[in-house]
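Spelled out from the first residue to the last, the chains are:
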Amino acid sequence: MSFLIDEGKNIQHVLMGNEAIVRGALEAGVNVATGYPGTPSSEVIEAFSKVARKRNVYVEWSTNEKVATEVAAAASFAGLRSLCVMKQNGVNVASDFLLHLASSGTRGGMLLVTCDDPGALSSVNEGESRLFARLLEMPLLEPGDFQETKDIIRWAYDLSEKIGIIVMLRSVTRLSHASGNVRFGPLPETAARAKFTYDGPLLDPVTGPMISMIPARPEPTHGRQQEKLKLAKEMFETCRFNTYTGPPEPELLIVTSSICSLYSREAVDVLGLGQRVGVLKLATTWPLPNKLLTKHLASTKKVLFVEEVAPTLEDHVKVIAAESMSEIGAKTFYGKKSGHVPSVGELNPDIVIAALSRLFDVPYQPVPPAFSEKVKGLAERYAPVRGIMFCPGCPHRASFWSITSALQLDARQGFVCGDIGCYALAAFPTGFSTNKTLHSMGSGSGLASGFGKLKQFGMDQPVVAVCGDSTFFHAAMPALANAIHHRSPFTLVLLDNRGTAMTGFQPHPGSPTDVLGDPAPALDMEKICVAMGAKVVVSDPFDLEKTRKKLNRLLESTEGAKVLILRQACALSPERRAKKKYEITVDEDRCRGENCGCNRICTRIFGCPGLIWDREKKVSRIDDIICTACGVCPDICPAGAIIKKEVS
Amino acid sequence: MSAAPLAKDPYNIIITGVGGQGNVLASRLLGGMLASKGYLITIGETFGVTQRGGSVMSHVRVSCKAVASPQIPRGMADVIVSLEPAEAVRVMAAYGNPDTVILSNTQPIHPPGVIKGELDYPPVDEIKEAVKGIVRSFIFLDATERARSLGNPILANIVMLGALGGLAVVPFDRDDFKQALALRMEPGQVPINLLAFDQGYGMVKA
Amino acid sequence: MKVFGAGKLVDSVISAGLCCGCGACINLCPYFHSYRGKTAAIFPCNLETGRCFAYCPKVELDPDALSRFLFKQPYDGSPLGAFRSIHVSRAGAKVKKRAFQSGGTVSAIMYFALRSKRIGGAVLTGKQGLLPVPSLVTRPADVFRQSLSKYAAAPTLAALNKAVAEGYGNLGVVATPCQSTAIAQMRSNPMNDPAFKDPTALVVGLFCTWALDFRRFEAFLAERMSLPDIVKVDIPPPPASVLEVYLKEVKREFPLDVIRAFVPEACGYCPDMTAEFADVSVGVLEGRPEMNTLIVRTERGEEMVREARRLGYLELDELPDENRDHLMWAAANKKKRCILRCREAGRLNGEEGKACLRLSAETTERILK
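It should be emphasised that the depicted structure is a prediction, and the values quoted were computed from it without experimental measurement.

A.B. asks: Is there a simple way to think about the overall build of chain B in this case?
C.D. replies: For chain B, the count of helices and strands is eight helices and six strands. Along chain B, helices and strands appear, N-terminal first, in the series β-α-β-β-β-α-β-α-α-β-α-α-α-α. For 206 residues, the compact-globule estimate of 2.2 N^0.38 gives 17 Å, and chain B sits close to it at 16 Å. Principal-axis analysis of the C-alpha atoms gives chain B an extent of 55 × 40 × 35 Å.

Set out below in C-alpha cells:
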C-alpha cells in the first residue's frame, strides 16, 4: 500500500474509493484518523495504518464509533485535522456525541466519513445515514466518483475550518469498494502541533471551552450553528463539485448524487437520450443550494430523482420546488414515491434504464429474449445457490453445536439472543438456526437482560445471549452491568475468537497489538466479568461435551448473570492457519451414512465445508484442501468413523 | 500516453469466482495494467460477507472517453473470466449476450448445499456440453491443474489473467503484468506469478 | 404398525407431553438424549422411518400384534395379560441378606442369571443422587448395588441400546411396563432388518402404577430439604399412602396425594400395570412387605424361575386368592382409566402416527366393562 503515499509529478493510480479517501485526507494534512471496523468502511483505517508512521498520522481502531468520534474530535479541538470513519450503523452509535459536537463546533477541520451499505450486502439493515446531516444540523457531501472523492476532501476540510463545524462525507459500498483512476496531488509537510486552548470567553469558538450548549439558552449555540449552515449553503451554490451535463432545457432533469450519478449517465448513454435528458449531480446534499436547484428546476417540467436509499433528495428538492413554485411553475416529479425507482435495495444502471425507458416510452432489450430464456434455464440447472456459512474449522460452528444441544437437553424452550459479527450467521442453518433475535451491536445482551426479568410474568424459558470479543467492548459491557446489577439470570456466551473477525480480523481492546502491529495492553475479559460480579466459566468450544455440560449447569443456575467464555482462535487467524494439527479421515466401512442410526449428521447438520457427502458411495469423506483439521467432527460421529490422527 | 481505441467503449470484463479465490487481486492487477496504458478504469466489486463461500464478481470497465459506473448493465459483458465453472454459467445468464467471450476454469467449488447432499452439482463435462454454441466462444481451461503443477492451486486466478492477456481483447502483455505485480507484491513472489501468467497466456495462444 | 420417523416421534410424543422417558429411542443414533430425566432430540432427523418410532411404547402401540408375537395368542384385554403361573416369591438362601426391595426377587433372579451365565450382562437402573441412571452390570455381585426402587422414570433402555451396539447378544433387562413394551417391539424386528437377532435372553418386568417426573420431584424436595442429605426414598405398600424420604438424621413423609402431582402425563396413557410383555413380572405383595408377587409368562421365563428355585436362589409359594383378586382389580382399573383417557384425547385408534393405542372394538368393550 506504499503507493498511497507516492509523491511526484503526474502520479496516477487505480484506487478503491476507500483508498481515495485516505489519499484525500493525506493531501489535506490529516493527523488523526479513528474508526471502528464495519463493512464497507474498514479499508480506510487499514490503509491509514500502513502509512501512519511515514506521514505522522495517529491511527486508532477505537472501542466503538462513539469513542472513535470523540477521539477524533479531541484532535480537532487541539487544532489538528482529523477524520473518523464508520459504516452507517456506526453513525447511529456515534449520534449522541455527534449531535453535541455539531453544536459545540470544531477547530481543526474534522470529517465524519460514513460508508453506507444500500442493499445490505454486508449488513443486517439497509442503512441510510444522510438524514443525520439534517437531524444533527451539519453539512453533508456526497462525492460521485473516485477522483472526486479524493479532491472533495481538501475542499471539505477548508469548509470545516471556515465555518467551524464537523462535515459529513457519505460514501456507499459501490464507491468505497469500487476502484477508478485517481490523479494524485501534492502531500503537505507533516509537522503539526497540538494544543487545546480553553481559557477564552465561554462562547468564543477559537479560544473558549468547547461546550455543546448553555442549558435553557439555545440561542447562542443553536443559533450560531444554524448560521454556519447558512454559510455552508452559500458556498454550496458555487461549489465546483455540483455538476450538470445535458441540454440547457432538458425534457427530463435527473437529480442525483453519489455513485448513482454514474448509473444515471450510463443509462442516458445506453438509451441515446443525451439530447433530451440532463443530469444534475449534487455533491453538496445538505443543506441544498436553493438557487442552483431553482435554476435547474426552472429549465424543465419533469424531474427524476435517482438516489439510495431513502428519498431524501426527493423530499428536500420538492420543498424547494414548492417554495419557488410561484416563480418557476409546477413540476412533475418521479422517483421512489412514484414507483419509478424502487424504495428498497441498491440501485444499478438497469434500474435507471428501466425508469427512463418507461418515461420516454423507449423500448429496451439488451439481449434477444430467446437467449435470455436459454441462459436462465442453464443457470437454474448448472449454477446452484451458494449460501453463506461459517468457514471450515470455525469455532462458532462448534460453539453453536454445544449451545443448541444444551438448550435442547434443558428442554424448557430456552433461546439465544444474537448479536453482530460472524456469529450473527447462527440465525441461519450454518449455525443450526440457534439465534432467535438479531439487531444491533450489543443488543443481544440488552435483550437478554430484559428477558431474564420476566419470570414474575410467568416466563420460565432460560435466556442466553451471544457476543464476540470485539462486540463485548463495543456495546455489551453496559448491558452485562445492567443484568448483574438487576440480578437478571441470563447466560452470556462470549465467543472469544481473538479478533474482530467478520470485517477482516482487526484488533480491539482485548488484543495484544494495535492497528500498527505494535504491542498494546490487552484487556482481560475474564477478569473484567469477574470484577463486574458475574459468575464466569471458561471453556474451549472444540471440546463439545465439556462445553455443553458447563452450559447446562449455568442454565440451571438461578444465581444471576453468568458468563461462559468460549475461547478459540478464528480459523482465518495466523495462529490457526499455521501447520495442521491433525490428519482427519473417514473410515468408509464404519460410516453409517443415510441409515437410521446416523442420517448423515456430519454433512446434513454439522455442515462444515471440509466434509463432503459422496452421493455414489453413500458415505462421507474429508476434503483435504478445505479441511483445517480443527478436530471437532470426530466427536460428532456416532459410529466413530471419523478418525483423527495427530501429525507429528 | 494515449490509449488505443477499444472494440467497444466502455469495454466490459467480468472476473468472477467464489470468495477466497483471488478474484479481487486479479481485477486490481488488470485494472492497474490498463490504467497505466492510459485507459479510464472502473472496477466494481462485491465482497464482505460473500467471502464466506459466496459468489463474487468484479466488473472491470475500460474506456477512452468517460468514467463508467461500477456495475455493468445486464447483457453487456464483453468478456467473462471465471475461476469456477458454475459461476461462469451464473454470470453468463445475468450479464452475457450472444457475442460474449467466456473463459472458465474447470475446477468446481461445491456450494454448501451440494456438499451437504441437498443440491446437485453436475459434472463439468455436462456443463461443457450444455453451453456449446450459446455465446461467441466459451473456452474451458484447467487453470487449477496448471496452478497446482506450479506448486499452489491459489495461482489459478493469475493463470486465468494470463489467458485473458492471450485473448488480446484489451491490450496488455507480460511486461505490463510485471509492472503491475511490482506495485502489489513482495519481490520474492513475482517470479511464480509470472510463471502462472505465462501458463495462462500459452493455453489460449495454443 | 405403520412405522414413521423421528420427526413424527417428536411431534406425537415428546412435544405432546406423552414421553415416559423409557430410553428406547436413546443410543440408537446421535439425535435423542436423556438429560436429568427428560428425553430430547438435539437436532432434527428427517428419515421417514426409524427405530426410534418403532420402539416407542407411547405411539402406535398394537398390543394384539405384540401378544401374538410373544405369546402366540391374541390380546384379550384381561387384567394381568398372558401368563403361565402366578406365585408369592422371595430371594432364596443362596442370596445373602442384603438391602433390597421387598422380597428381593428381582435381584435374586438377575444374580442367578448372571452367575449361571444365562445372560452376559444385566441392564439395570442405578442412581446418581436422586437421578436414576441406566447401567449395564456384568459382575453378579454388582446387581445388589442397584437394588433399591427408583420412583422417577428412568431411561434404562439407553443402556440396552448401548450394550447391543457394543455387541452383547444375551442380555437380561429389568424393565418397567413401558420399557418391557418397548423391548417387546424391538424384539419383533419392526424395521424388518434381515440381519436382526434378538439381543435379550430375559426380561424381568416390574409392576408399576405410575412413576414420577424426575425434575419436578427433585424441585419439590429441593424446596424442602438439602438434596445431598437424602439417603433413600421409599413408597411402602398399601395400605400406607405416603412417600418416605430418609435423610441422614431423620425421616420425612409426604402424602401420596401431594406426590401424585408429579406423575408424568404419559403414565395416564399406559394400560399396563404388571409389565405384560416381559418374561416374568415382579411386584409387591400387599400386606406382606418381605415378599413379592411373581407372574411367570413365557417359556424362557418359566425355565429361568424353575432353575433359580431348584438351585436355591428363589423361594416360591402359593398366591392367596384374595391377593390375586385384588391385583387383578387394580390392574383392570389402570387399563380402564387408560382406555378412557386415550379415547377422550383422540389417541385410541386415532390418526396414523399419532395414536397411542390400537385396539379392536371388542377388546375395548371388554376392558371398559
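Here the narrative resumes.
A.B. asks: Help me understand the state of the cysteines, please; the structure alone is not making it clear to me.
C.D. replies: Using the criterion set out here, one finds zero disulfides over all chains in the structure. The thiol of Cys608 of chain A is unpaired, and the distance to the nearest cysteine sulfur, on Cys630 of chain A, comes to 6.2 Å. Cys342 of chain C provides the cysteine sulfur closest to Cys356 of chain C, a residue in no disulfide bond, and the two sulfurs are 4.6 Å apart. Residue Cys356 of chain C is classed as buried on the basis of its relative accessible area, which comes to 4%.

A.B. asks: Help me understand the interface of chain A and chain C in this model?
C.D. replies: A common way to report how large an interface is uses the accessible area buried once the components associate. Listed per partner, the contact involves 23 residues of chain A and 19 residues of chain C. Across the chain A/chain C interface, buried area totals approximately 1,700 Å², and carbon plus sulfur atoms make up 62% of it. Two residues, Arg36 of chain C and Glu556 of chain A, come together in a salt bridge whose shortest N-O distance is 3.8 Å. Connecting chain A to chain C are 10 residue pairs in polar contact (both at pLDDT 80 or more). Going through the elements one at a time, α15 (395-410), α19 (544-556) and α21 (601-606) of chain A are the ones with two or more residues in the side of chain A that touches chain C. The leading source of residues in the side of chain A that touches chain C is α15 of chain A, at six residues. For the side of chain A that touches chain C, the per-class residue count stands at nine nonpolar, seven polar and seven charged.

A.B. asks: Just to check I follow, could you spell out the pairing of strand β23 (residues 619-622) of chain A for this structure?
C.D. replies: As a general feature of sheets, a regular strand has side chains that alternate between the two faces. Residues and elements named next belong to chain A. Where strand β22 (residues 611-614) lies against β23, four bridges are found, and the strand directions are antiparallel. Residue pairing across strands places Trp613 opposite Ser620, the latter belonging to β23. The antiparallel pairing of β22 with β23 creates a hairpin that spans four residues between the two strands, and Lys618 there sits at a positive phi of about 60°.

A.B. asks: Whenever I open this one, unusual backbone geometry confuses me. Can you help?
C.D. replies: Cis rather than trans, the peptide bond between Trp286 of chain A and Pro287 of chain A has omega equal to -10°. For Pro287 of chain A, the position within the fold is in the loop between β12 (284-286) and α10 (290-298). For the bond running from Asp9 of chain B to Pro10 of chain B, omega is -5°, close enough to zero to count as cis. Tracing the chain through its elements places Pro10 of chain B in the segment before β1 (11-18). Of note in the backbone geometry, Ser258 of chain A takes a positive phi value of approximately 55° without being a glycine. Note that Ser258 of chain A resides in the loop between β10 (252-257) and α9 (260-271). The class of Ser258 of chain A is buried, set by a relative accessible area of 1%. Phi angles above zero are rare outside glycine, and Arg498 of chain A is one such case at about 65°. Looking at the element boundaries, Arg498 of chain A is found in the loop between β18 (491-496) and α18 (525-532). When its relative accessible area of 39% is taken as the criterion, Arg498 of chain A is described as partly exposed.

A.B. asks: Looking at this structure, I do not really get the interface of chain B and chain A. What am I missing?
C.D. replies: Chain B puts 64 residues into the contact, and the matching count from chain A is 64 residues. Across the chain B/chain A interface, buried area totals approximately 5,200 Å², and carbon plus sulfur atoms make up 60% of it. Applying the counting criterion to the chain B and chain A interface returns four salt bridges. Scanning the region where chain B abuts chain A turns up 15 residue pairs in polar contact (both at pLDDT 80 or more). For the side of chain B that touches chain A, the secondary structure elements donating two or more residues are α1 (23-36), β2 (40-45), β3 (55-63), α2 (85-95), α3 (112-115), α4 (124-130) and α7 (174-184) of chain B. Within the side of chain B that touches chain A, the residues separate by chemical class into 34 nonpolar, 16 polar and 14 charged. Where strand β8 (residues 179-183) of chain A lies against β2 of chain B, two bridges are found, and the strand directions are antiparallel.

A.B. asks: Explain the domain arrangement of chain A here, please?
C.D. replies: Per the domain assignment, the segments making up chain A are domain 1 (3-237), domain 2 (243-360), domain 3 (395-576) and domain 4 (579-646). Using C-alpha coordinates to define each centre, domain 2 of chain A is positioned 47 Å away from domain 3 of chain A.

A.B. asks: I keep staring at the packing of aromatic side chains and nothing clicks. Help me out?
C.D. replies: Each aromatic ring pair is characterised by the separation of its centres together with the angle its planes make. Scanning the model with the defined rule gives 23 aromatic pairs over all chains in all. A network of ring pairs unites the aromatic residues Trp401, Phe432 and Phe606 of chain A together with Phe43 of chain C as a single cluster. Geometry around Tyr582 of chain A places Lys644 of chain A over its ring, the cationic atom sitting 4.9 Å from the centre. Taking NZ or CZ as reference, Arg341 of chain C lies 5.9 Å from the ring centre of Tyr269 of chain C, over its face.

A.B. asks: Sorry, what's going on with the sheet that holds β10 of chain A here?
C.D. replies: Strands in a sheet are paired, the pairing made by backbone hydrogen bonds, and the direction either parallel or antiparallel. Residues and elements named next belong to chain A. The strand order β9-β11-β10-β13-β14 describes an open sheet built from five strands, whose pairing is mixed. What marks the edges here is a single partner per strand, and that holds for β9 (243-245) and β14 (332-334). Shown here is a sheet whose adjacent strand axes are inclined to one another by a mean of 20°, direction ignored. Where β10 meets strand β13 (residues 302-306), five bridges bridge the pair, whose relative direction is parallel. Residue pairing in the sheet places Val255 in a bridge with Phe305 of β13. Where α9 meets the sheet, its contacts fall on β9, β10, β11 (277-282) and β13, and the angle it forms with β10 comes to roughly 150°.

Quick notes on the rules
Residues numbered from 1 in each chain as written. Chains lettered and ligands numbered in written order. Predicted model: local features only at pLDDT ≥ 70, side-chain atom pairs only at ≥ 80, totals over all residues. Heavy atoms only, no water. Helix = DSSP H or I, 4+ residues; strand = E, 2+ residues; numbered from the N terminus. Rg over C-alpha atoms; globule rule 2.2 N^0.38 Å. Disulfide = S-S within 2.5 Å. Buried < 20%, exposed > 50% of the residue type's maximum accessible area, 1.4 Å probe, protein only. Contact = heavy atoms within 4.5 Å. Buried area = accessible area lost by both parts, 1.4 Å probe. Salt bridge = Lys/Arg side-chain N within 4 Å of Asp/Glu carboxyl O. Polar contact = N/O pair within 3.5 Å; in protein donor to acceptor, adjacent residues only side chain to side chain. Nonpolar A, V, L, I, M, F, W, Y, C, P; charged D, E, K, R; others polar. Pairing = 2+ DSSP bridges. Domains from an automatic or database assignment. Phe/Tyr/Trp six-rings, centres within 6.5 Å; stacked < 30°, edge-to-face > 60°. Lys NZ or Arg CZ within 6 Å of the ring centre and 35° of its normal. Axes fitted to C-alpha atoms, helices over the stretch in contact; angles between N-to-C directions.

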